[in-house]
Each structure stands twice: as structure tokens, then as C-alpha cells.
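Letter by letter, the chains look like this.
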Amino acid sequence: MHLLQKLSVIAVLSMGLSGCAGAAFIGRPVIGTTTLYAATSATEFINEQTRLGTKSGEGCVTSILGIVTTGDATATEAARKAGINRVTHIDHKFENILGLYAKYCVMVYGD
């Protein structure tokens, strides 16, 4: 293999392992957007109540290579689908596989 071919292979592998799919969710309260594999969660909001509420809803967005991203992960939509009028708690989940596929979800709890 010539030096130029080796450098090309290294460049392509570096880009592929950089977590491009996870880049679609930069700025969200999750960790691991640019790792080989990530499965993390985080809490964004908890009100003064100590209980989670009787209902829960989830909304997700998926990304392929950071190029095609689809879905609705808004707390408003997740609450609407679950019939929640008063949100008490919001959590987030993030999964990234080799930077090829990423999924971001918001979980809303309330009454």
C-alpha cells in the first residue's frame, strides 16, 4: 500500500469513528456524543415535588451519520402524547453506536 492510500484509510477511519451521528445532539444534556459506543442518561428538570407523577411519556429523535435526523423529542410532544398537563420531571437518554447511528430521547413525568 502506498503512503497516500494508507493516509486516506486512516483519515476515513478517523472520521467514521468520530461520532458524526451524535453530533446532531450536541448541546443536549447527555454525555458521550463522540465515543465508539454510548448509552447515557441525564436529568434536566425536577420541580419542587419529590414524586415523579402518575404518567410518563417519551419522544425520540434518531440520526444516521449526523446527516439524516428525524423524530420529535420535545417535552411538549411527549407530555401531550401521554396526557400530562403538569410536568414534574424530565430525563434524557442518549445512545450512539460507532457514530453511525444515534438516538436521543426525552422522558417526561407528571400528572
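Everything quoted here is computed from the prediction, not taken from an experiment.

A word on the overall build of the chain
Move 1: Counting secondary structure elements, the chain contains two helices and five strands.
Move 2: Residues counted as buried form 31% of the 111 residues belonging to the chain.
Move 3: The contacts in the chain between residues at least 6 apart in sequence include a share of 68% that link residues at least 24 apart.
Move 4: Of the roughly 6800 Å² of accessible surface on the chain, a fraction of 63% belongs to carbon and sulfur atoms.

Comments concerning the environment of Glu-58
Move 1: Positionally, Glu-58 belongs in strand β2 (residues 55-64).
Move 2: Along the backbone, Glu-58 and Ala-73 are 15 residues apart, and their C-alpha atoms lie at a distance of 7.6 Å.
Move 3: Ignoring any residue separated from it by four or fewer positions in sequence, one finds Glu-58 in contact with Ala-78, Lys-81, Lys-93, Cys-105, Val-106 and Met-107.
Move 4: Side chain to side chain, Glu-58 and Lys-93 meet in a polar contact 3.3 Å long.

Thoughts on the environment of Ala-82
Move 1: By the element assignment, Ala-82 lies in helix α2 (residues 75-82).
Move 2: C-alpha separation for the pair Ala-82 and Gly-110, spaced 28 residues apart in sequence, amounts to 9.3 Å.
Move 3: The residues contacting Ala-82, other than those within four sequence positions of it, are Lys-55, Ser-56 and Gly-57.

What about a nonpolar patch on the surface?
Move 1: A cluster of nonpolar side chains, contributed by Leu-36, Tyr-37, Ile-64, Leu-65, Ile-67, Val-68, Ile-97, Leu-98, Leu-100 and Tyr-101, occupies part of the molecular surface with about 940 Å² of accessible area.
Move 2: Mapping Leu-65 onto the fold places it in the loop between β2 and β3 (68-71).
Move 3: You can call Leu-65 partly exposed: its relative accessible area is 39%.

Quick word on the pairing of strand β5 (residues 101-110)
Move 1: Summarising burial for β5: eight of the ten residues are buried, a large majority.
Move 2: By the bridge criterion, ten bridges tie β2 to β5 in an arrangement that is antiparallel. Opposite Gly-59, over in β5, you have Val-106 as the bridge partner.
Move 3: Alignment of strand β4 (residues 87-97) against β5, held across ten bridges, turns out to be antiparallel. What sits directly across from Ile-90, in β5, is Val-108.
Move 4: In textbook terms, the turn of a hairpin is the stretch between consecutive antiparallel strands, and for β4 and β5 this stretch comprises three residues, one of which, Leu-98, has a positive phi near 55 degrees.

The rules behind the values
Residues numbered from 1 in each chain as written. Predicted model: local features only at pLDDT ≥ 70, side-chain atom pairs only at ≥ 80, totals over all residues. Heavy atoms only, no water. Helix = DSSP H or I, 4+ residues; strand = E, 2+ residues; numbered from the N terminus. Buried < 20%, exposed > 50% of the residue type's maximum accessible area, 1.4 Å probe, protein only. Contact = heavy atoms within 4.5 Å. Areas by Shrake-Rupley, 256 points an atom, 1.4 Å probe, with all protein chains shown as cover. Polar contact = N/O pair within 3.5 Å; in protein donor to acceptor, adjacent residues only side chain to side chain. Patch = residues over 30% accessible without salt bridge, like charges linked within 9 Å, V, L, I, M, F, W, Y side chains within 5 Å. Salt bridge = Lys/Arg side-chain N within 4 Å of Asp/Glu carboxyl O. Pairing = 2+ DSSP bridges.

Interpretation note: all reported values are geometric properties and have no functional meaning in isolation.
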